[in-house]
Amino acid sequence: MKKALTVAAFLLVAAFLVVAATTMRPFGEPSHSEMDDYFLVNCQTEVVANNVVTAVVFDYRGFDTLGEATVLFAAVVGVLALFRTVREDER
Amino acid sequence: MSSGMSVIVRTVTRFTYALIIVFGFYVIMHGHLTPGGGFQGGAVVASAFALALVAFGTAGLKGALNRHLLQSLEEVGALAFLGLAFAGVGTAFFYNILANSGSVFGGSDPAALASGGVLPLMNWAVGLKVMTGIASILIIMVIGARKEATE
Amino acid sequence: MTLGQVPFVVSALLVVIGLYALLFKRNLIKMVIGVSIIETGVNLFLVTVGYRAGGQAPIYTYSDPTTLRVLPTPQALTLTSIVIGLATTALLLSFVVFIHRHYQTLDAEKIKELKG
């Protein structure tokens, strides 16, 4: 019973994802590109960088990068804490 | 694991170790001009550390790749990134104070290496953070897995 | 469905494959691999959403400044997503090592029974 329920839920979610993908707008036509056009036009004068992706990562959307750096730090601290407790238990 | 792999792998690692690290530093350094940046270059340098770990095992780890030094360097990278973000707080958080300022990174030529304001400095900070972070994760996990295997 | 939606369908299928591994596999390492496959599908979807037909990479070094460019923001967010995926995978694998040390097995069902 539980197995059948799992299979049914999986099939439902899979069908939902595939149908949603087939009914999206065509590949290669982004619907809202005003913000990215602003970045592409003004990047060389505002940030003076040729790589627009780096300018977006570190300047226009620096908060995302800050959160991402925090996640990496948290992962390192988590792995360290996990293995350190194990070592102290074994002593 | 601690004894490392065969002599072929170790010799090839001796040749390619420095080359991979120099390529990673190149990717970090030109992050605001060419494809790449701090994350990608840091991952490349960390892959060199992973290669050394696989080839030489944890025996040669004591001097070259000190875990505590790596974690200190990661925090230095994180603090440098935060400090560069706070440097522009007079206008806004993450404001680029050096761009178009006429100082060392503030030229008006976007194709020059010393351009982009704080972007190259942030690339170095994040590159340092990513390479030391991934390297310390690898070292911790290898040491933990070896303890598991010897029990 | 036309030929234009094939990249979206491929990323959706990657997510479905990852969900299959998460729901129907009992080995914990295979479940971690499923999480990784879901991340790959999401990254592919993000890059696909930002593609503009005939566009080049948004980097001005040694390229014609008037040419059409791909949207840069989804690529930047994909970069963030890749590093977060690496961090979560490392953390999940450490949890798996810890679980194996504690229960001496990697079977999710057996671990549930042992827990009681």
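As shown above, the structure is provided for reference.
Since we're looking at a predicted model, the values are computed, not measured.

What counts as what
- Residues numbered from 1 in each chain as written.
- Chains lettered and ligands numbered in written order.
- Predicted model: local features only at pLDDT ≥ 70, side-chain atom pairs only at ≥ 80, totals over all residues.
- Heavy atoms only, no water.
- Helix = DSSP H or I, 4+ residues; strand = E, 2+ residues; numbered from the N terminus.
- Buried < 20%, exposed > 50% of the residue type's maximum accessible area, 1.4 Å probe, protein only.
- Expected span 1.5 Å × (residues − 1).
- Contact = heavy atoms within 4.5 Å.
- Buried area = accessible area lost by both parts, 1.4 Å probe.
- Salt bridge = Lys/Arg side-chain N within 4 Å of Asp/Glu carboxyl O.
- Polar contact = N/O pair within 3.5 Å; in protein donor to acceptor, adjacent residues only side chain to side chain.
- Nonpolar A, V, L, I, M, F, W, Y, C, P; charged D, E, K, R; others polar.
- Axes fitted to C-alpha atoms, helices over the stretch in contact; angles between N-to-C directions.
- Parallel < 35°, antiparallel > 145°, perpendicular 65-115°, else oblique.
- Left-handed = near helix turned anticlockwise from the far one by under 90°.
- Core = buried A, V, L, I, M, F, W, Y, C linked by side-chain atoms within 4.5 Å.

> Residues and numbers for the overall build of chain A, please.
Within chain A one finds four helices and zero strands. Listed by position from the N terminus, the elements making up chain A come as α-α-α-α. By its C-alpha atoms, chain A is 60 × 45 × 15 Å across when sized along the principal axes. The buried share of chain A, taken over its 91 residues, is 42%.

> Pulling in residues and values, what's your account of helix α2 (residues 34-46) of chain A?
Taking 1.5 Å of rise per residue, 13 residues should cover 18 Å, and α2 of chain A covers 17 Å from first to last C-alpha, within 8% of that figure. Every buried residue belonging to α2 of chain A is among D36, F39, L40, N42 and C43 of chain A, and all of these are buried. Against the buried residues of α2 of chain A lie α3 (52-60) of chain A together with α3 (72-103) of chain C. Where α2 of chain A terminates, the next one or two residues include V48 of chain A, which has phi positive at roughly 55 degrees.

> Let's hear about the interface of chain A and chain C: which residues, and what values?
Between chain A and chain C, the residue contacts involve 43 residues of the former and 46 residues of the latter. Summed over both partners, the interface of chain A with chain C comes to about 4000 Å²; 76% of that surface belongs to carbon and sulfur atoms. If you sort the residues of chain A by the area they bury against chain C, F10, F27 and L40 of chain A come out on top, with a joint share of 17%. Between the two partners, chain A and chain C, sit one salt bridge. The interface formed by chain A and chain C holds nine residue pairs in polar contact (both at pLDDT 80 or more) in total. Sorting the residues of the side of chain A that touches chain C by element identifies α1 (2-22), α2, α3 and α4 (62-90) of chain A as the ones contributing at least two each.

> Kindly report on the pattern of salt bridges, identifying the contributing residues and their values.
In total, this model carries four salt bridges over all chains according to the counting rule given. Here K129 of chain B makes a salt bridge to E74 of chain B, at a shortest N to O gap of 3.2 Å. Taken together, the residues span a long stretch of sequence, with K129 of chain B in helix α5 (residues 119-150) and E74 of chain B in helix α4 (residues 67-87) at a distance of 55 residues. Comparing K129 of chain B with E74 of chain B shows no difference in burial state: the two are buried. Among the ionic pairs, R26 of chain C bridges to D107 of chain C, the shortest N-O distance being 3.1 Å.

> If you had to explain the interface of chain A and chain B to someone new, which residues and values would you point to?
Taken together, the 28 residues of chain A in the interface contact 41 residues of chain B. Contact between chain A and chain B buries roughly 2800 Å² in total, counting both sides, with carbon and sulfur atoms accounting for 68%. For the interface between chain A and chain B, the tally reads zero salt bridges. Summed over the shared surface of chain A and chain B, the number is nine residue pairs in polar contact (both at pLDDT 80 or more). At the level of elements, α2, α3 and α4 of chain A are the ones that each hand at least two residues to the side of chain A that touches chain B. The element best represented in the side of chain A that touches chain B is α4 of chain A, accounting for 15 residues. The residue inventory of the side of chain A that touches chain B, partitioned by class, reads 15 nonpolar, seven polar and six charged.

> Lay out the packing of helix α1 (residues 7-29) of chain B against helix α2 (residues 38-56) of chain B with the relevant residues and their values.
Residue and element names in this part refer to chain B. Put simply, α1 and α2 touch, their axes get as near as 8 Å, and they point 170 degrees apart. Taken together, the axis directions place α1 and α2 in an arrangement best described as roughly antiparallel. Judged by the sense of rotation from one axis to the other, the crossing of α1 with α2 is left-handed. Counted by class, the contact of α1 with α2 contains 16 nonpolar, eight polar and two charged residues.

> So what about helix α2 (residues 28-49) of chain C? Which residues, and what values?
Residue and element names in this part refer to chain C. In this model, α2 (22 residues) spans 32 Å end to end at C-alpha, consistent with the 32 Å of a helix rising 1.5 Å per residue. Residues of α2 that are buried: L28, V32, G34, G41, N43 and T48. Measuring from the backbone nitrogen of I29 back to the side-chain oxygen at the start of α2 gives 3.1 Å, which picks out N27 as the cap.

> Explain the environment of G106 of chain B residue by residue, including any values.
Residues and elements named next belong to chain B. Here G106 shows up in the loop between α4 and α5. A residue is classified by how much of its surface remains accessible, and G106, at 5% relative accessible area, is buried. In this view, G106 contacts L98, N100 and S101; residues no more than four positions away in its chain are not counted.

> Pulling in residues and values, what's your account of the nonpolar core?
In this structure, V52, V57 and F58 of chain A together with F39, F81 and M122 of chain B are the most contacted members of the largest nonpolar core, which totals 34 residues. Counting residues per element, the ones that place at least two in this core are α2, α3 and α4 of chain A, α2, α4 and α5 of chain B together with α3 of chain C. Non-local contacts of V52 of chain A, meaning those with residues more than four positions away in its chain, are made with F39, L40 and C43 of chain A together with P58, Y60 and P72 of chain C.

Such coordinate-based values are descriptive only and should not be taken to indicate function.
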